[in-house]
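As a plain string of letters, each chain reads:
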Amino acid sequence: MFVFVWVYLTVMGINLGDTFPNFEAETTVGKIKFHDWLGDSWGILFSHPADYTPVCTTELGRAAKMAPEFQKRKVKMIALSIDSVQDHHGWSQDINAYIGEPLVQMLPFPIIADEKRELAVQLGMLDPAERNKEGLPLTARAVFVIGPDKTLKLSILYPATTGRNFDEILRVIDSLQLTAYKKVATPVDWKVGAECMVLPNIPEEEANKLFPNGIRTEKLPSSKNYLRYTPQP
Ligand code: BEZ
């Protein structure tokens, strides 16, 4: 039985480029069908281990404060844990108190109630190292960014004991959205407005046409001209 559960938990999951499942779920804004809810927008689905827990409270508080930044980027936000809609509503009041907002039950994004752990299993989000009082695994801190074409553009998985950095998540979304539409990549620690890299598979002549604002090539001991920078297009 243990081996069966272990195999089941480790083989489920989703890869970059896969179509994100069009799941139905109960949420704090009622029942949703994911693709209909997403519409033509980008989306971010982030899970957390449990309601009424300290790290999760700081994370969802931060996510709520940053909601206008996600909205600016046309990214719809949705959270998930294995607790009930009723718990999500009660806990949302605590989160609002924590960030100094009025004590309403709604956050600026819905929370999925994955009480049967169906989505958690399907998306490979369960953390066998973290268990509730009944010994059942909790959800890890997963981040999925989904494009308007409904495919998975990014996934990151943090353990329950490490809270996420939502500035980094926004930075990554800026890169995903830029590189989805322009033939560039973003280097280490890139931020909006900084130089980008010319993709290594673009020949020099084509690159010169694509990037009229110029290309700066750094000299390297190998004499290979692959470190090519261009202003952000
Ligand atoms: C927390 O959110 O603080 C937390 C939840 C589960 C395990 C560890 C920490």
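Each chain carries its own residue numbering, running from 1 in the direction its sequence is written. Whole-chain, interface and lining totals are the exception, using all residues; otherwise, since this is a predicted model, local features are given only for residues with pLDDT of at least 70 and side-chain atom pairs are given and counted only at 80 or more. Heavy atoms from the whole structure form the basis of all side-chain values; hydrogens and water molecules are not counted.

Only when DSSP finds a minimum of two bridges between them are two strands counted as paired. By the criteria applied, helices consist of DSSP H or I runs no shorter than four residues and strands consist of E runs no shorter than two, each listed in order from the N terminus. Taken in spatial order, the four strands line up as β10-β11-β13-β12 in an open sheet, and their pairing is antiparallel. Among the strands making up the open sheet, the edge pair consists of β10 (184–185) and β12 (216–217). With two bridges connecting them, β12 and strand β13 (residues 228–230) associate as antiparallel partners. Within β13, the residue paired with R216 across the bridge is Y229.

Moving on: the layout of surface pockets. Grid points spaced at 1 Å and placed over the protein atoms alone form the basis of the search, with a cavity being a set where a 1.4 Å probe fits but cannot get out and a pocket an open set showing protein on both sides within 12 Å along at least five of seven lines. Lining residues have an atom within 4 Å of a point. Grid points are joined across faces, edges and corners, and a volume is the space filled by probe spheres set on the points. The computed volume of the second largest pocket comes to approximately 200 Å³. If you go around the second largest pocket, the residues you meet are F23, E24, A25, E26, A113, D114, E115, K116, R117, E118, L119 and Q122. Elements that contribute at least two residues to the lining of the second largest pocket include exactly β1 (24–27) and α6 (118–122). Ten residues, namely Ala, Val, Leu, Ile, Met, Phe, Trp, Tyr, Cys and Pro, are considered nonpolar, four, namely Asp, Glu, Lys and Arg, are considered charged, and the remaining ones, Gly among them, are considered polar. When grouped by side-chain class, the residues that make up the lining of the second largest pocket number four nonpolar, one polar and seven charged.

Attention now goes to the domain arrangement of the chain. In this document the domain limits rely on a domain assignment from an automatic tool or a database. Taken as a whole, the chain is organised into domain 1 (2–164) and domain 2 (182–230). The centre of domain 1, based on its C-alpha atoms, is set 36 Å off from the matching centre of domain 2.

Another aspect to go through is the site of the ligand. Nearness here has a simple test: a residue counts as near a molecule or strand if at least one of its heavy atoms is within 4 Å of that partner. In the vicinity of the ligand, the contacting residues are P49, T53, P54, V55, C56, E130, R141 and A160. Polar contact criterion, stated in full: a pair of N or O atoms within 3.5 Å, where within protein one must be able to donate a hydrogen and the other to accept it, and residues adjacent in sequence count only if both atoms are side-chain atoms. A distance of 3.1 Å separates an oxygen atom of the ligand from a polar side-chain atom of T53. When the ligand sits alone it has 260 Å² of accessible area, and the protein chains cover 81% of it. Taken together, the residues that form the shell around the ligand break down as five nonpolar, one polar and two charged. Surface exposure here means Shrake-Rupley accessible area, sampled with a 1.4 Å probe, where a residue is shielded only by the protein chains that are shown.

Let's shift gears to the environment of W42. Within the secondary structure, W42 sits in strand β3 (residues 42–47). Along the sequence, W42 and I146 sit 104 residues apart, while their C-alpha atoms lie 5.7 Å from each other. For W42, the contacting residues outside a window of four places in its chain are K74, V75, K76, V145, I146, G147, P148, K153, L176, Q177, A180 and Y181. In this structure the side chain of W42 is engaged in a polar contact, spanning 3.5 Å, whose partner is the side chain of Y181. Throughout, a contact is declared for two residues whenever any of their heavy atoms are within 4.5 Å.

Right, let's talk about the nonpolar core for a bit. Side-chain atoms within 4.5 Å are what join buried Ala, Val, Leu, Ile, Met, Phe, Trp, Tyr and Cys residues into a set we call a nonpolar core. A 1.4 Å probe rolled over the protein chains alone gives each residue an accessible area, and that area as a share of the maximum for its type sets the label: buried under 20%, exposed over 50%, partly exposed in between. Counting residues in each nonpolar core, the largest one holds 29 residues, and the members touching the most others are I44, F46, L60, F70, M77 and F109. The set of elements that each furnish at least two residues to this core consists of β3, α3 (54–65), α4 (67–72), β4 (75–81), α5 (85–98), β8 (141–146), β9 (152–158) and α7 (166–181). Counting residues per element, this core draws most heavily on α7, which supplies six residues. Beyond its immediate chain neighbours, meaning those up to four positions away, M77 contacts W37, I44, F46, A63, A67, F70, F109 and P110. Counting residues in hydrophobic clusters, the runner-up holds 22 residues, among them I32, A120, V121 and F144.

Let's shift gears to unusual backbone geometry. Unusually for a residue other than glycine, K74 sits at a positive phi of about 55°. As for its placement among the helices and strands, K74 is situated in the loop between α4 and β4. Exposure remark for K74: the relative accessible area of 61% places this residue in the exposed category. Even without glycine at this site, S223 takes up a positive phi of about 65°. Mapping S223 onto the fold places it in the loop between β12 and β13.

Checked against the element boundaries, R73 lands in the loop between α4 and β4. Judged by relative accessible area, R73 falls into the buried class, the value being 17%. A distance of 2.6 Å separates polar atoms of two side chains, one belonging to R73 and the other to D174. Apart from residues lying up to four places away in sequence, R73 is in contact with L170, I173, D174 and Q177.

Further remarks concern the pairing of β3. Where burial is concerned, most of β3 is hidden: six out of the six residues are buried. The alternating pattern of β3 places W42, I44 and F46 on one face and G43, L45 and S47 on the opposite face, and all of these are buried. Here six bridges tie β3 to β4, and the two strands are oriented parallel to one another. Its bridge partner lying in β4, I44 is registered against M77. The pairing of β3 with β8 spans four bridges and is classified as antiparallel. Bridge pairing in β8 links F46 to V143.

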